[in-house]
Amino acid sequence: ENMFDLLERNEKALEVVREAMEMGEHMESGTNNNNDDEDDTTASTYRIDVGRGWKNATLYLNDIEKDSQYNSWSRNMMNFIMAAQYGHPHTVRRNIFAMLIVVDTTVGQRYDVLDMSMQLMQMRYPIRLGILFVGEEDVKACRSGVKSEEEVDDGEVVSCDDVLLAKSSSEENTEQKSIQERMAPSTSFITTQEAYQLFQIVLKHNRVAGIHYIHEITKTFASMKEGGMNHGRAQHKPTLEEYINLHSTVVSNVLGISNSEAKAEAIQVLSTAPVVTEKTESYGKSVQFAVTKSIGAGMSFFNGVPMPTSSGQDFMEGASRVFKEEMQFILGLVMKQEITYSRYVLFV
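All of these numbers come straight from a predicted model, not from anything done at the bench.

Caption draft 1: Molecular detail of the state of the cysteines. Tallying each qualifying case throughout the model produces one disulfide. Between the sulfur atoms of Cys142 and its disulfide partner Cys160 the distance amounts to 1.8 Å. Sign of the S-S torsion, about 85° for the bond between Cys142 and Cys160, identifies this disulfide as right-handed. With Cys142 in helix H5 (residues 136-145) and Cys160 in helix H6 (residues 160-170), this residue pair connects regions lying 18 residues apart in the sequence. In this structure, Cys142 and Cys160 share a single accessibility class: buried.

Caption draft 2: Fine view of the sheet that holds strand S5 (residues 305-306). If you walk across this open sheet you meet the five strands as S1-S3-S2-S4-S5, and the pairing is mixed. Here the strands that pair on one side only, and so sit at the sheet edges, are strand S1 (59-60) and S5. One ladder, built from two bridges, connects strand S4 (residues 300-302) with S5; its direction is antiparallel. Bridge pairing links Phe302 to Val305 in S5.

Caption draft 3: Seen up close, the packing of aromatic side chains. Summed over the entire model, instances satisfying the criterion amount to eleven aromatic pairs. Centroid distance Phe80 to Phe97: 6.1 Å. Interplanar angle 55°. Geometry classified as tilted. Of this pair, Phe80 sits in helix H3 (residues 78-86) while Phe97 sits in strand S2 (residues 97-103), and the two are 17 residues apart along the sequence. We classify Phe80 as buried; its relative accessible area is 0%. For Phe97, a relative accessible area of 1% translates into the label buried. Between Tyr125 and Phe323 the ring centres are 5.4 Å apart and the planes differ by 80°, which places this aromatic pair in the edge-to-face class. In this pair, Tyr125 sits in the loop between helix H4 (112-122) and strand S3 (127-133) while Phe323 sits in helix H13 (residues 312-335), placing the two residues 198 residues apart along the sequence. Taken together, the ring pairs in this structure connect Phe80, Phe97, Tyr125, Phe302 and Phe323 into an aromatic cluster. The cationic tip of Arg128 hangs over the ring face of Tyr60; the distance from NZ or CZ to the ring centre is 4.0 Å.

Caption draft 4: Spatial organisation of the environment of Ile190. By the element assignment, Ile190 lies in the loop between helix H7 (179-183) and helix H8 (192-205). For Ile190, a relative accessible area of 1% translates into the label buried. The sequence separation of Ile190 and Thr239 amounts to 49 residues, and the corresponding C-alpha distance is 5.4 Å.

Rules used in this analysis
Residues numbered from 1 in each chain as written. Predicted model: local features only at pLDDT ≥ 70, side-chain atom pairs only at ≥ 80, totals over all residues. Heavy atoms only, no water. Disulfide = S-S within 2.5 Å. Helix = DSSP H or I, 4+ residues; strand = E, 2+ residues; numbered from the N terminus. Buried < 20%, exposed > 50% of the residue type's maximum accessible area, 1.4 Å probe, protein only. Pairing = 2+ DSSP bridges. Phe/Tyr/Trp six-rings, centres within 6.5 Å; stacked < 30°, edge-to-face > 60°. Lys NZ or Arg CZ within 6 Å of the ring centre and 35° of its normal.

As structure tokens, this is what we get:
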């Protein structure tokens, strides 16, 4: 049973519409309340602003309002209400919902929220999906190493990208050796920044395919970790060779290119230092965003509402509650015409 079965069992779509006005009025006062002292039982009553700050930090996989695959979707917001009432697909061409998923694909962690997001997209809900790559050690380095204009004598800002470049240059088996040399002994571990660079290859070819890629990568390495398939290593992280091999296989399946071509492109990308400007996406900006917002891998946010960090049935039940309440809240705003095609949603 998935989360949508739980929703259907709990409440019919028509009942959602009838309760939307009441729920919208009840929750509206909590829209911008960021109270870190709240516990998990009240997580759905406040929002964290994860939609603004550090441009080019989040890797968005789609945009309902701009991407051509949504050209046939109606711009009439009333269709959203009609869809909820009569069980039709919620195909309105607005970024009504936004899901931000914070990941580290190198640690063997499962992300049930990826399955939920794929289900929402398959059911044609207007959801914009963003991925934020964050490594725990990189967050620690940036938190202590970044310097603003007020903190340095010469006025030269030290960015998170600067800190991570210095960090990687000082570590053994990274910048000192070529990618081929690091792959040969199968003892050099993949870094989160390198996983980020490989993910950008997928986005260059097809951004929407990114969710399938992330899903397969995380699921495979989580299975390896859970099955003890780490070949006696103390670390559960995959080696660079293991990661590139899986990357090539998944890219071949998702994008339809040959395994050898995918592997060659991966090695080429990792062998070239990324060019970072204010206008480009970068791993350093992702980590800086995580530092600023105090978030980390394993977290996810639905319109800024923290999603459960549990797994399995506990996640599905918690996620269905968040989704149900948010659907009611949005319907209430639409019915009161506080969300129209010309009036934007403040938290998406």
